[in-house]
Amino acid sequence: MIGVNELKRYFYLISTAVIFPCSLILHIAYQASGAAAWSILVSSVNGSPWELVKPFILVYIIWFFVELAYLRPSLLHFTCSKILSLHLFIALSLVLLCITRSFITSELVFFSLIFVSLLISEYISYALYRCKVRTELFYIPILISFVGLLICVLFFSVYPPKLTILYN
């Protein structure tokens, strides 16, 4: 039988196992809803790298609150670790998708890369939290970067700037 401490030790696997399928469901919401206005903000509108990663970002943020409720960690330290790992997830996913997009068009490969990026970033977030690196010392710039990320997530689908990662 797995104890509570053992469960908390491998919670990054549980997080990945929950975030990934929930994000895939959110990924298809735009087409399933018949292109409803609400789905533009939360779902993938096209096949660009940014749009493929957007539902994963939103579910990652929502899952953060579940982690806070269950794990009851040090709030500021855990929040900073999770935000930094979210930035890592986005950067890693976008780089991998942009590199492979030029010679592979399979969505299975794209989602496999996103899964690996998610698993790596979840592991690093918990490792960063457990190793007691004092990320909370930089909480102001970390929180400002998170607010900027939220603005990008909400508005890049509606008003996309001319960047390669935003276009199919």
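Data block above holds the structure.
This text gives an overview of the structure that appears in the document.

1. Digging into the overall build of the protein chain
Consideration 1: Per the secondary structure count, the protein chain includes 8 helices and 0 strands.
Consideration 2: Tracing the protein chain from N to C terminus, the helices and strands come up as α-α-α-α-α-α-α-α.
Consideration 3: Taken against the 2.2 N^0.38 rule, which gives 15 Å for 168 residues, the C-alpha radius of gyration of the protein chain at 16 Å falls within 12% of a compact globule.
Consideration 4: Principal axes of the C-alpha set define a box for the protein chain whose edges measure 45 × 40 × 30 Å.
Consideration 5: Sorting the 168 residues of the protein chain into buried and exposed places 41% on the buried side.
Consideration 6: Contacts in the protein chain between residues far apart in sequence, at least 24 positions, make up 74% of those at least 6 positions apart.
Consideration 7: With an accessible surface of roughly 9,100 Å², the protein chain has 74% of that area assigned to carbon and sulfur atoms.

2. Here we look at the side chain of Ser125
Consideration 1: Looking at the element boundaries, Ser125 is found in helix H7 (residues 107-130).
Consideration 2: The class for Ser125 is buried, based on a relative accessible area of 0%.
Consideration 3: When near neighbours in sequence (up to four residues on either side) are disregarded, Ser125 contacts Tyr60, Ser81, Lys82 and Ser85.

3. Comments concerning the layout of surface pockets
Consideration 1: In this model, the largest pocket occupies a volume close to 180 Å³.
Consideration 2: Every residue lining the largest pocket is listed: Lys8, Arg9, Leu71, Arg72, Pro73, Phe78, Tyr126, Tyr129, Arg130 and Lys132.
Consideration 3: At the level of secondary structure, the elements contributing two or more residues to the lining of the largest pocket comprise helix H1 (4-9) and H7.
Consideration 4: Considering each element in turn, the lining of the largest pocket owes the most residues, 3 residues, to H7.
Consideration 5: For the lining of the largest pocket, the class distribution of residues is 5 nonpolar, no polar and 5 charged.

4. Quick look at the packing of aromatic side chains
Two aromatic rings, taken as a pair, are described by how far apart their centres are and by the angle between their planes.
Consideration 1: Counted according to the given criterion, the structure contains 13 aromatic pairs.
Consideration 2: Centroid distance Phe20 to Phe115: 5.1 Å. Interplanar angle 80 degrees. Geometry classified as edge-to-face. A residue pair is termed long-range when its members are at least 10 positions apart, and Phe20 in helix H2 (residues 11-27) and Phe115 in helix H7 qualify at 95 residues.
Consideration 3: We classify Phe20 as buried; its relative accessible area is 15%.
Consideration 4: Residue classification places Phe115 among the partly exposed residues on the basis of a relative accessible area of 32%.
Consideration 5: Arranged with centres 6.3 Å apart and planes meeting at 5 degrees, the rings of Tyr60 and Phe89 form a pair that is stacked. Of this pair, Tyr60 sits in helix H5 (residues 49-71) while Phe89 sits in helix H6 (residues 75-101); the two residues are 29 residues apart in sequence, bridging distant segments of the chain. For the pair Tyr60 and Phe89, a shared accessibility class is recorded, and that class is buried.
Consideration 6: A network of ring pairs unites the aromatic residues Phe11, Trp63, Phe64, Phe65, Tyr70, Phe78, Tyr126 and Tyr129 as a single cluster.

5. Points about the pattern of salt bridges
Consideration 1: If you walk through the whole model with that rule in mind, you get 4 salt bridges.
Consideration 2: In this structure, Lys54 and Glu51 form a salt bridge, with 3.1 Å as the shortest nitrogen-oxygen distance. Within this pair, Lys54 and its partner Glu51 are both found in helix H5, separated by 3 residues, close to a single helical turn. The two residues Lys54 and Glu51 agree in class, both being buried.
Consideration 3: A salt bridge links Lys82 to Glu122; the shortest N-O distance between them is 3.0 Å. Residue Lys82 is located in helix H6, and its partner Glu122 is located in helix H7; the two are separated by 40 residues in the primary sequence.
Consideration 4: Residues joined by salt bridges that share partners form a network here, namely Glu67, Lys82 and Glu122.

Calculation notes
- Residues numbered from 1 in each chain as written.
- Predicted model: local features only at pLDDT ≥ 70, side-chain atom pairs only at ≥ 80, totals over all residues.
- Heavy atoms only, no water.
- Helix = DSSP H or I, 4+ residues; strand = E, 2+ residues; numbered from the N terminus.
- Rg over C-alpha atoms; globule rule 2.2 N^0.38 Å.
- Buried < 20%, exposed > 50% of the residue type's maximum accessible area, 1.4 Å probe, protein only.
- Contact = heavy atoms within 4.5 Å.
- Areas by Shrake-Rupley, 256 points an atom, 1.4 Å probe, with all protein chains shown as cover.
- 1 Å grid on protein atoms, 1.4 Å probe; cavity = no way out; pocket = protein on both sides within 12 Å on 5 of 7 lines; lining within 4 Å.
- Points joined across faces, edges and corners; volume = space filled by probe spheres on them.
- Nonpolar A, V, L, I, M, F, W, Y, C, P; charged D, E, K, R; others polar.
- Phe/Tyr/Trp six-rings, centres within 6.5 Å; stacked < 30°, edge-to-face > 60°.
- Salt bridge = Lys/Arg side-chain N within 4 Å of Asp/Glu carboxyl O.

Remember that the coordinates give geometry; whether it matters functionally is a separate question.
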